[in-house]
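What the coordinates show
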Amino acid sequence: MMLSRQRFTLVCPGPAVTIGRDLGCDVVLNDPWVAARHAALSLRDDGTVLVEDLGTVNGLIVGDERVRQAAITGEAPTNLQVGHSHLRIRTAAVPLAPERPDRESLRSRRREYAVTVLGGLLCAGFAVLMAWLAAPDELPTALVGNLLAGAAVLAVWFGLWVFLGRAVRSRWQWSGNAAITLGAAALGLWLWWGTDVTIFVTGLMRYRLLGGGLILLVAAIAIYLHVRTATRLGRARSAALATLVPLLGGVAILWFQQQSLTDVNHIPPPGPIFPPSWSREPGVRLDRFIDESLDLRDVVDQQQADAGLRD
């Protein structure tokens with residue numbers, strides 16, 4: 001007989017196993033719908049299990065029927081409901097399924113290690129690129145700052161899910177959460193940079209929406225995997241949570257950006273720097289731009305003079 005994660009064995013001949021809320025019972029249930037001494041289980045000589053109610057209000061539920069007594073003889077495990085608690089009874093007649101070959105445990109850990117290493121290298125490469133673009137003459141200092149800031153953020157995120165998994169599932173799950181954290185971070189960072197490159201090359205701002213949508217999708221997948229790894233939530237609830245959190249984060253980012261655009265004192269940071277040869281848009285030389293500006297001013301002055309003569 002299985003109760004939660006505890007296993008109890010009936011012997012024949014032997015005393016009956018009692019179930020109830022009383023501490024003197026063999027199986028103690030902390031269930032207010034269970035009587036102090038609710039039921040008794042005994043094993044017969046023919047291998048069947050006799051389930052007897054001990055004069056309670058709610059009785060017993062075997063399968064989908066409320067009964068006072070039942071003999072369990074089937075070749076499949078039988079569910080017994082006592083109050084609101086569920087027990088699973090298996091007799092010797094129930095055949096055991098063959099052992100499943102384990103081909104995934106070691107392979108999945110290797111995949112997690114590979115994703116962790118690759119994600120860490122890609123994150124470090126992104127930090128190097130950003131440091132070089134921002135301060136090529138002070139690369140070591142800028143690189144150390146980027147690495148420390150990025151490592152701090154990722155460590156907090158990683159630690160949150162690791163300790164949540166330990167609290168909920170009693171498992172640390174270091175490699176799985178590390179793979180999700182570093183893999184998603186690397187993919188999101190390079191998608192963000194790739195979006196800027198695409199906008200610079202094509203001159204089309206609509207790719208900002210596409211890039212932002214892909215980054216939100218990566219965040220949703222990462223949160224879903226974290227939730228499934230660290231908690232006991234089902235697929236539907238995990239998917240709902242993974243969808244809601246990135247959407248709220250995206251709305252908050254758009255709101256803050258809109259507020260900064262309406263602030264006259266806000267100075268936006270300089271945009272990313274790319275080689276001019278990457279752009280498909282024809283560039284304008286500085287001397288030509290100045291000459292065209294002067295010509296435009298002459299045209300405006302002439303139009304104003306003509307308007308003054310007409311008046």
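Let me begin by describing the structure that accompanies this report. Remember, predicted model here, so these are calculated numbers, not experimental data. (Residues numbered from 1 in each chain as written. Predicted model: local features only at pLDDT ≥ 70, side-chain atom pairs only at ≥ 80, totals over all residues. Heavy atoms only, no water.)

**Details of the environment of L41**
As a reminder of what qualifies: In this description a helix means any DSSP run of H or I spanning at least four residues, a strand means any run of E spanning at least two, and both kinds are numbered starting from the N terminus. Type-normalised accessible area, obtained with a 1.4 Å probe on protein chains alone, sets the label of each residue: buried when under 20%, exposed when over 50%, and partly exposed for intermediate values.
Topologically, L41 is positioned in strand β5 (residues 39-43). The exposure class assigned to L41 is buried, which follows from its relative accessible area of 0%. In this structure, the C-alpha to C-alpha distance between L41 and I89, residues 48 residues apart in sequence, is 10.0 Å.

**Remarks on the pattern of salt bridges**
Definition in use: Any Lys or Arg side-chain nitrogen located within 4 Å of an Asp or Glu carboxyl oxygen qualifies as a salt bridge.
Counted according to the given criterion, the structure contains 2 salt bridges. The partner of R208 in a salt bridge is D196, and the shortest N-O contact between them spans 2.8 Å. Residue R208 is located in helix α4 (residues 206-230), and its partner D196 is located in helix α3 (residues 174-202); the two are separated by 12 residues in the primary sequence. Accessibility expressed as a relative area gives 34% for R208, which makes it partly exposed.

**Quick look at the nonpolar core**
Test applied: The nonpolar core is taken to be a set of buried Ala, Val, Leu, Ile, Met, Phe, Trp, Tyr and Cys residues, with the residues joined through side-chain atoms within 4.5 Å.
By size, the foremost hydrophobic cluster in this structure holds 19 residues, and its most contacted members are I19, L41, V51, L60, L80, V82 and I89. For this core, the elements supplying multiple residues, two or more each, are β3 (17-20), β5, β6 (49-53), β7 (60-62), β9 (69-72), β10 (78-82) and β11 (85-89). Of all hydrophobic cores here, the second largest spans 6 residues; its members include F126, V197, V201 and F274.

**So, the sheet that holds β3**
Basically, it comes down to this: Paired strands, in this sense, are two strands between which DSSP finds at least two bridges.
Read across the sheet, 5 strands follow the order β4-β3-β5-β6-β9 without closing on themselves; strand pairing throughout is mixed. Strands with a single pairing partner mark the edges of an open sheet, and in this sheet they are β4 (27-28) and β9. Where β3 lies against β5, 3 bridges are found, and the strand directions are antiparallel. The partner of T18 across the bridge, within β5, is A40.

**Concerning the packing of aromatic side chains**
The condition that has to hold: Two rings belonging to Phe, Tyr or Trp (six-membered ring only in the last case) form a pair when the distance between their centres is within 6.5 Å. Interplanar angles under 30 degrees mark stacking, angles over 60 mark edge-to-face geometry, and anything in between is tilted.
Counting across every chain of the model gives 8 aromatic pairs. When the ring of F126 is compared with that of W190, the centres are 5.5 Å apart and the planes differ by 80°; the resulting orientation is edge-to-face. Within this pair, whereas F126 is found in helix α1 (residues 105-134), its partner W190 is found in helix α3, the two being separated by 64 residues in sequence. For the ring pair W157 and W161, a centre distance of 5.8 Å and an interplane angle of 70° mean the geometry is edge-to-face. A residue pair is termed a helical-turn pair when its members lie 3 or 4 positions apart in one helix, as W157 and W161 do in helix α2 (residues 139-169) at 4 residues. Judged by its relative accessible area of 8%, W161 is buried. One aromatic cluster is present, formed by F126, W190, W192 and W193 through successive ring pairs.

**Structural notes on the pairing of β11**
A one-sided burial pattern is seen for β11, the buried positions being S85, L87 and I89 and the unburied ones H86 and R88. Sheet analysis places β10 next to β11, joined by 5 bridges and oriented antiparallel. Residue T78 lies in a different strand from β11, and its bridge partner there is I89.

**Brief notes about the packing of α2 against α3**
This is how the line gets drawn: To get an axis, fit a line to the C-alpha atoms, keeping to the stretch in contact for a helix; angles then go from 0 to 180 degrees between the N-to-C directions. The sense of a crossing depends on the near helix, which, turned anticlockwise from the far helix by less than a right angle, makes the crossing left-handed and, turned clockwise, makes it right-handed. The contact definition used throughout considers only heavy atoms, calling two residues in contact when any of these lie within 4.5 Å.
Close contact between α2 and α3 brings their axes to 10 Å; oriented N to C, the two are set at 145°. Where α2 crosses over α3, the two elements pack in a sense that is right-handed. Every residue of α3 that contacts α2 at L154, W157, F158, W161 and V162 is listed here: W174, N177, A178, T181, L182 and A185.

Any link to function would need more than the numbers given here.
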